[in-house]
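Summary of the model geometry
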Amino acid sequence: DTGVSQDPRHKITKRGQNVTFRCDPISEHNRLYWYRQTLGQGPEFLTYFQNEAQLEKSRLLSDRFSAERPKGSFSTLEIQRTEQGDSAMYLCASSLTLETSEQFFGPGTRLTVL
Amino acid sequence: GENVEQHPSTLSVQEGDSAVIKCTYSDSASNYFPWYKQELGKRPQLIIDIRSNVGEKKDQRIAVTLNKTAKHFSLHITETQPEDSAVYFCAASIMGGGFKTIFGAGTRLFVKA
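Residues numbered from 1 in each chain as written. Chains lettered and ligands numbered in written order. Predicted model: local features only at pLDDT ≥ 70, side-chain atom pairs only at ≥ 80, totals over all residues. Heavy atoms only, no water.

Next up on the list: the overall build of chain B. Broken down by element type, chain B carries zero helices and eleven strands. Along chain B, from the amino end to the carboxyl end, the secondary structure elements read β-β-β-β-β-β-β-β-β-β-β. In summary, chain B has a C-alpha radius of gyration of 13 Å against a globular reference of 13 Å for 113 residues, a match within 12%. Looking at the 113 residues of chain B, the share that counts as buried comes to 47%. Taking as baseline every contact in chain B between residues at least 6 positions apart, the subset at least 24 positions apart corresponds to 53%. Total accessible area computed for chain B in this model is approximately 5500 Å², and 46% of it derives from carbon and sulfur atoms. For chain B, the distance from the average site of its 13 positive side-chain charges to the average site of its 12 negative ones is 4 Å. (Helix = DSSP H or I, 4+ residues; strand = E, 2+ residues; numbered from the N terminus. Rg over C-alpha atoms; globule rule 2.2 N^0.38 Å. Buried < 20%, exposed > 50% of the residue type's maximum accessible area, 1.4 Å probe, protein only. Contact = heavy atoms within 4.5 Å. Areas by Shrake-Rupley, 256 points an atom, 1.4 Å probe, with all protein chains shown as cover. Lys, Arg positive; Asp, Glu negative; His and termini not counted. Charge placed at Lys NZ, Arg CZ, Asp CG, Glu CD.)

This is how it looks when you write it as structure tokens:
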């Protein structure tokens, strides 16, 4: 499968625990995006990378959220001290650096915080 | 701040009829407007996009129009089919700005056979 992959697909955790998600983009894509999607809403931008550089982070993102893309390939999103309000689908997308470039989404990681 | 509003939230049409979904955006710097389709339990997929230097774009049964002055853009689906049933998201982003993309809340389209 040469598409965007995410791991795990589902995560159930208790409030206060830390969780980490992984995204593997399409191999030649140098841009990588993280979004959060709750039921009945569109994807909400969290952050994005060009290669290994994190170029923008949503102002809505609290300090409990951190993302890395150390070698410009896969990326991780960590949420510390999870809260029930963090329950959502976390989507990763990747694209080429072109003027108009389709973002290819992964299947998402569904997080449930109890 | 940046915002994209999308209407209606739900749309039900008879097979063969047309469907229109409308969006407005707040950031006048936005110059790239993709539309994504998300079927139940699946990931969003791009169906059509338009750049701000174009007023209209068509791809078979799907067309998108853009009014930069009013900051409005719309998706038109003609001759709807049951397989068009899905959630449709409009979005706005800035080419050259890393494509930080702001999505609308989505329109759930039901096409009745």
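Further remarks concern the side chain of T107(B). With respect to the helices, strands and loops of the structure, T107(B) is situated in strand β11 (residues 107-112). Not counting the four nearest positions on each side in its chain, T107(B) is found in contact with Q6(B), H7(B), P8(B), S9(B), L11(B), I21(B), A86(B), V87(B) and Y88(B).

Moving on, we come to the sheet that holds strand β8 (residues 75-79) of chain A. Working definition: the strands of a sheet are paired by backbone hydrogen bonds and lie parallel or antiparallel to each other. All names here are of chain A. The antiparallel open sheet is built from four strands, whose spatial order is β1-β3-β8-β7. Among the strands making up the open sheet, the edge pair consists of β1 (5-7) and β7 (65-68). Averaged over all pairs of adjacent strands, the angle between strand axes in this sheet comes to 15 degrees, irrespective of strand direction. Examined bridge by bridge, strand β3 (residues 19-24) and β8 share five bridges and lie antiparallel to one another. Within the sheet, the bridge partner assigned to F21 lies in β8 and is L77. (Pairing = 2+ DSSP bridges. Axes fitted to C-alpha atoms, helices over the stretch in contact; angles between N-to-C directions.)

Turning our attention to the state of the cysteines. A covalent bond bridging the sulfur atoms of two cysteines is what the word disulfide describes. Scanning all chains against the criterion turns up two disulfides over all chains. Two residues, C23(A) and C92(A), share a disulfide whose sulfurs are 1.8 Å apart. Linking C23(A) and C92(A), the disulfide has an S-S dihedral of approximately -65 degrees and is accordingly described as left-handed. You can see C23(A) sitting in strand β3 and its partner C92(A) sitting in strand β9 (residues 88-95), a full 69 residues away along the chain. Comparing C23(A) with C92(A) shows no difference in burial state: the two are buried. A sulfur-sulfur separation of 2.0 Å characterises the disulfide bridge that pairs C23(B) with C90(B). The S-S bond linking C23(B) to C90(B) shows a torsion near -100 degrees; that makes this disulfide left-handed. Taken as a pair, C23(B) in strand β3 (residues 19-25) and C90(B) in strand β9 (residues 86-92) lie far apart in primary sequence, 67 residues in all. Taking relative accessible area as the criterion, C23(B) reaches 2% and is therefore assigned buried. Relative accessible area serves as the criterion here: at 0%, C90(B) is assigned to the buried category. (Disulfide = S-S within 2.5 Å.)

Below, the discussion takes up the side chain of Q103(A). Turning to its location among the elements, Q103(A) is positioned in the loop between β9 and β10 (104-105). Within polar-contact distance, the side chain of Q103(A) engages the side chain of T101(B) at 2.9 Å. (Polar contact = N/O pair within 3.5 Å; in protein donor to acceptor, adjacent residues only side chain to side chain.)

By themselves these figures say nothing about function.
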